[in-house]
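# Architecture at a glance
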Amino acid sequence: DSGVTQTPKHLITATGQRVTLRCSPRSGDLSVYWYQQSLDQGLQFLIQYYNGEERAKGNILERFSAQQFPDLHSELNLSSLELGDSALYFCASSERGHPQETQYFGPGTRLLVL
Amino acid sequence: AQTVTQSQPEMSVQEAETVTLSCTYDTSESDYYLFWYKQPPSRQMILVIRQEAYKQQNATENRFSVNFQKAAKSFSLKISDSQLGDAAMYFCAYTGNTGNQFYFGTGTSLTVIP
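A few points on the structure. Because the structure is a prediction, the values reported are computed rather than measured.

Calculation criteria
Residues numbered from 1 in each chain as written. Chains lettered and ligands numbered in written order. Predicted model: local features only at pLDDT ≥ 70, side-chain atom pairs only at ≥ 80, totals over all residues. Heavy atoms only, no water. Contact = heavy atoms within 4.5 Å. Buried area = accessible area lost by both parts, 1.4 Å probe. Salt bridge = Lys/Arg side-chain N within 4 Å of Asp/Glu carboxyl O. Helix = DSSP H or I, 4+ residues; strand = E, 2+ residues; numbered from the N terminus. Nonpolar A, V, L, I, M, F, W, Y, C, P; charged D, E, K, R; others polar. Buried < 20%, exposed > 50% of the residue type's maximum accessible area, 1.4 Å probe, protein only. Pairing = 2+ DSSP bridges. Axes fitted to C-alpha atoms, helices over the stretch in contact; angles between N-to-C directions. Core = buried A, V, L, I, M, F, W, Y, C linked by side-chain atoms within 4.5 Å. Polar contact = N/O pair within 3.5 Å; in protein donor to acceptor, adjacent residues only side chain to side chain. Patch = residues over 30% accessible without salt bridge, like charges linked within 9 Å, V, L, I, M, F, W, Y side chains within 5 Å. Areas by Shrake-Rupley, 256 points an atom, 1.4 Å probe, with all protein chains shown as cover. Disulfide = S-S within 2.5 Å.

### Thoughts on the interface of chain A and chain B
- Taken together, the contact pairs 23 residues of chain A with 18 residues of chain B.
- The contact between chain A and chain B buries some 1,700 Å² in all, and 53% of this surface belongs to carbon and sulfur atoms.
- Viewed at the interface, chain B and chain A are joined by 0 salt bridges.
- Sorting the residues of the side of chain A that touches chain B by element identifies strand 4 (31-38), strand 5 (42-50), strand 6 (53-57) and strand 9 (87-94) of chain A as the ones contributing at least two each.
- Split into classes, the residues belonging to the side of chain A that touches chain B amount to 10 nonpolar, 9 polar and 4 charged.

### Some thoughts on the pattern of salt bridges
Residue and element names in this part refer to chain A.
- Counting across every chain of the model gives 7 salt bridges over all chains.
- The shortest N-O distance in the salt bridge between Asp29 and Arg26 comes to 2.9 Å.
- Note that Glu82 and Arg63 form a salt bridge whose closest N and O atoms lie 3.7 Å from each other. Here the residue Glu82 occupies a position in the loop between strand 8 (74-78) and strand 9, and Arg63 occupies one in the loop between strand 6 and strand 7 (64-68), the gap between them amounting to 19 residues.
- You can call Glu82 partly exposed: its relative accessible area is 43%.

### Remarks on the sheet that holds strand 3 (residues 19-24) of chain A
Residue and element names in this part refer to chain A.
- What the 4 strands build is an open sheet, ordered 1-3-8-7; its pairing is antiparallel. Edge positions in the sheet fall to strand 1 (5-7) and strand 7, since each has one partner strand and no second. Each strand axis lies, on average, 15 degrees off the axis of its neighbour in the sheet, ignoring direction.

### Quick look at the nonpolar core
- Among the nonpolar cores identified, the biggest contains 25 residues, and Tyr25, Trp36, Phe75, Leu77 and Tyr90 of chain B are the most heavily contacted of them.
- Only strand 3 (19-21), strand 5 (32-39), strand 6 (46-52), strand 8 (64-69), strand 9 (74-79), strand 10 (88-96) and strand 12 (108-113) of chain B provide two or more residues apiece to this core.
- Ranked by residue count, the leading element in this core is strand 10 of chain B, at 4 residues.
- If you look at the next biggest cluster of nonpolar residues, it comprises 20 residues, including Val19, Cys23, Leu78 and Ala87 of chain A.

### What about the environment of Ser74 of chain A?
All names here are of chain A.
- Its location among the elements puts Ser74 in strand 8.
- Accessibility expressed as a relative area gives 0% for Ser74, which makes it buried.
- Not counting the four nearest positions on each side in its chain, Ser74 is found in contact with Leu21, Arg22, Cys23, Val32, Trp34, Gln67 and Gln68.
- Looking at Ser74, its side chain comes within polar contact range of the side chain of Trp34, at 2.9 Å.

### Digging into a nonpolar patch on the surface
- A surface patch of nonpolar side chains, amounting to about 310 Å² of accessible area, comprises Ile12, Leu112 and Leu114 of chain A.
- Structurally, the position occupied by Ile12 of chain A is in strand 2 (residues 10-13).

### What about the state of the cysteines?
- For the structure on display, the rule yields 2 disulfides over all chains.
- Shown here is the disulfide that connects Cys23 of chain A with Cys91 of chain A, its sulfur atoms set 1.7 Å apart. Sign of the S-S torsion, about -45 degrees for the bond between Cys23 of chain A and Cys91 of chain A, identifies this disulfide as left-handed. A residue pair is termed long-range when its members are at least 10 positions apart, and Cys23 of chain A in strand 3 and Cys91 of chain A in strand 9 qualify at 68 residues.
- The exposure class assigned to Cys23 of chain A is buried, which follows from its relative accessible area of 0%.
- For Cys91 of chain A, a relative accessible area of 0% gives the class buried.
- One disulfide in the model links Cys23 of chain B with Cys92 of chain B; its S-S distance is 2.0 Å. Judged by the sign of its S-S torsion, about -70 degrees, the cystine formed by Cys23 of chain B and Cys92 of chain B is left-handed. Here Cys92 of chain B lies in strand 10 and Cys23 of chain B lies in the loop between strand 3 and strand 4 (24-26), a separation of 69 residues in the sequence.
- Accessibility expressed as a relative area gives 1% for Cys23 of chain B, which makes it buried.

Written as structure tokens, this is what we have:
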């Protein structure tokens, strides 16, 4: 158990819908990362937050947005969902968000868009 | 843009033997970090080993070691005394010292044969 929690574990929805994925980092970690793992795109970095502020942005679509709240939990919002958004979405956390730090991954949220 | 290449989609090794997984990367940065992550069937991403580019000494973590060749931009993972629990997908990853973007290879699926 990494100490990172993600809810829900599974999510099934329809095209065009909007969903919110939630992540709680390890106790004491200030930085949160979001990743998408799909069959055709592999593992992709989406976005990073540190203490509520966006720190780095990767291959995140404009239909996707994220935020980190004062209690340090983070939410990833996916809207206008398409079939290709079906994937496993990971959240990870690290202490200060420095590149050399170990990132601890959550168990992931499996999203299926029908 | 930085790229990470894993040219071996699948590898197999006999239990107790040694196996080496390959990874090459492309970057114009001089300071960066490289990682190997393990993803077992549970899908949990686990950090195996980390290498700082400014360190010439190859990183070692118990049965796991790397062969880091900076000039060749090569970062291979050696697993000694392979165990059944080593069976997993292994991902090579790169991040620069600034920007905090992460890049992953496409993964190598390792099978351990009893």
